[in-house]
Amino acid sequence: MLFSHNQFYILSKNLMSGLKQKTIKKEVFFKGVGLHNGKNVILKVKPANANTGIVFKRIDLKSNNLIYPSFENVSNTFLNTTISNSCGAKISTIEHLMGALFGLGIDNAFIEIDNDEVPILDGSAKEFISKFIETGFEISNAPIKIIKINKKVVLNDGEKFISIEPSKLSLDIDFELKYENTVISNQRNKVNVYQEDLTDIFNSRTFCLFKDIELIKKNGFAKGGSLDNAIVVDDKKIINEEGLRNSKEFVNHKILDCLGDLYTCGYRMVASIKCSQGGHNLTNKLLRKLFENKENYSIIEIHERNLPHTILNRTFLRSIA
């Protein structure tokens with residue numbers, strides 16, 4: 001089932017404006033290869049009851065196989081986001097799937113996977129988004145919960161930085177990318193997650209420099225990488241014959257990654273985020289720093305049936321933490 005650019009935009013806005021928790025109507029099936037382990041994997045996303053949250057289950061393991069995508073459970077941030085439980089069971093490259101769940105406002109889902117890495121598919125969140133929209137959504141009677149930022153938190157790492165601060169209405173992500181490579185170069189984009197068309201964000205693929213591939217593979221990564229699931233840049237040209245899907249695909253993919261990593265906070269978020277040259281590691285460190293101090297945030301619950309975003313921050317919100 002294909003959706004036009006405008007249809008997707010309208011549907012996404014309607015989904016995000018709902019104030020009740022949602023899940024998918026029926027099971028959704030994905031099959032592909034892990035970007036880094038190169039293994040075939042089957043993943044099933046199933047409906048879940050209100051207040052379940054997002055839960056992963058390694059069905060290839062007989063016990064201790066539940067893994068929760070919390071920022072506290074992130075065990076690796078090199079080239080992907082990996083989560084682990086206390087028994088060492090792990091799932092890697094969760095960020096694109098998590099970004100799709102966040103972007104469509106899916107609060108609850110039970111995810112079964114028969115290997116330790118989410119399939120990379122085409123390197124973006126496009127297929128996740130398409131199948132979730134096609135299957136539809138089930139709305140519960142439970143109110144959504146949102147993280148509201150109370151105080152600005154900043155994290156610096158040399159020339160890299162990321163910050164999060166209060167926002168009255170929305171989740172804004174302002175991301176800057178800087179590369180010496182002239183094809184990627186400097187890119188910057190800012191999106192309002194709940195009110196803008198995110199089609200370009202969801203359709204943007206992961207990317208790498210051709211010169212880095214040998215070293216990446218030598219370190220045991222990108223065994224399943226190909227031109228079918230990544231943009232490869234060689235000096236002054238893009239190797240992929242079809243070129244880019246949008247003019248800011250490099251930075252837009254970074255925003256997709258950021259969105260997925262932010263969802264490891266457990267809820268949607270009202271905040272303003274700025275990042276320069278960041279990635280999985282910086283976003284995870286920011287969340288850890290943010291949640292160290294309860295004065296930095298509140299968890300709010302919305303009880304009204306339908307509130308426009310312009311009054312999202314007013315007296316209809318009740319602090320629960």
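Details of the structure are given in the entry above.
Overview of the structure. Quantities reported herein were computed from a predicted structural model and do not represent experimental measurements. (Residues numbered from 1 in each chain as written. Predicted model: local features only at pLDDT ≥ 70, side-chain atom pairs only at ≥ 80, totals over all residues. Heavy atoms only, no water.)

**Regarding the overall build of the protein chain**
To keep it simple, the criterion reads: Runs of H or I in DSSP of at least four residues are treated as helices and runs of E of at least two as strands, each being numbered from the N terminus. Accessible area is worked out with a 1.4 Å probe on protein chains only. A residue is then buried under 20% of its type maximum, exposed over 50%, and partly exposed in between. Contacts were defined at the residue level, with two residues in contact if any of their heavy atoms lie within 4.5 Å. All accessibility values rest on the Shrake-Rupley procedure with a 1.4 Å probe; residue burial counts only the protein chains present in the view.
Assigned secondary structure in the protein chain consists of seven helices and 21 strands. Split into buried and exposed, the 321 residues of the protein chain put 55% on the buried side. Here the contacts in the protein chain between residues at least 6 apart in sequence split such that 72% fall between residues at least 24 apart. Summed over its atoms, the accessible surface of the protein chain is roughly 14,800 Å², and 47% of this surface lies on carbon and sulfur atoms.

**Some remarks on the side chain of Thr 77**
Note the following rule: Distance and chemistry together define a polar contact, namely a pair of N or O atoms within 3.5 Å, with one atom able to donate a hydrogen and the other to accept it when in protein, and with adjacent residues in sequence counting only for side-chain atoms on both sides.
Mapped onto the elements, Thr 77 comes out in the loop between strand E6 (74–76) and strand E7 (82–84). A distance of 3.2 Å separates the side chain of Thr 77 from the side chain of Asn 281, its partner in a polar contact.

**Brief notes about the packing of aromatic side chains**
What counts, and what does not: Centres within 6.5 Å make a pair out of two Phe, Tyr or Trp rings, where for Trp the six-membered ring is used; the pair is then stacked when the planes are under 30 degrees apart, edge-to-face when over 60, and tilted otherwise.
Tallied over the full model, the rule gives nine aromatic pairs. Here the aromatic residues Phe 30, Phe 128 and Phe 132 are joined through ring pairs into a cluster of three or more.

**Some thoughts on the sheet that holds strand E9 (residues 109–113)**
Applicable threshold: By definition, two strands form a pair when at least two bridges between them are found by DSSP. Only C-alpha atoms enter the line fits that serve as axes; for helices the fit covers just the stretch in contact. Angles between N-to-C directions range over 0 to 180 degrees.
Sheet architecture is open: five strands sit in the order E2-E3-E9-E4-E5, paired in mixed fashion. Edge positions in the sheet fall to strand E2 (28–33) and strand E5 (66–67), since each of these pairs with one other strand and no more. Relative to E9, strand E3 (residues 40–46) is paired through four bridges, and the arrangement is antiparallel. In the sheet register, Lys 46 faces E9, and the bridge partner there is Phe 110. Taken strand by strand, helix H2 (residues 95–103) contacts E3, strand E4 (54–58) and E9, and its axis lies near 150° from that of E4.

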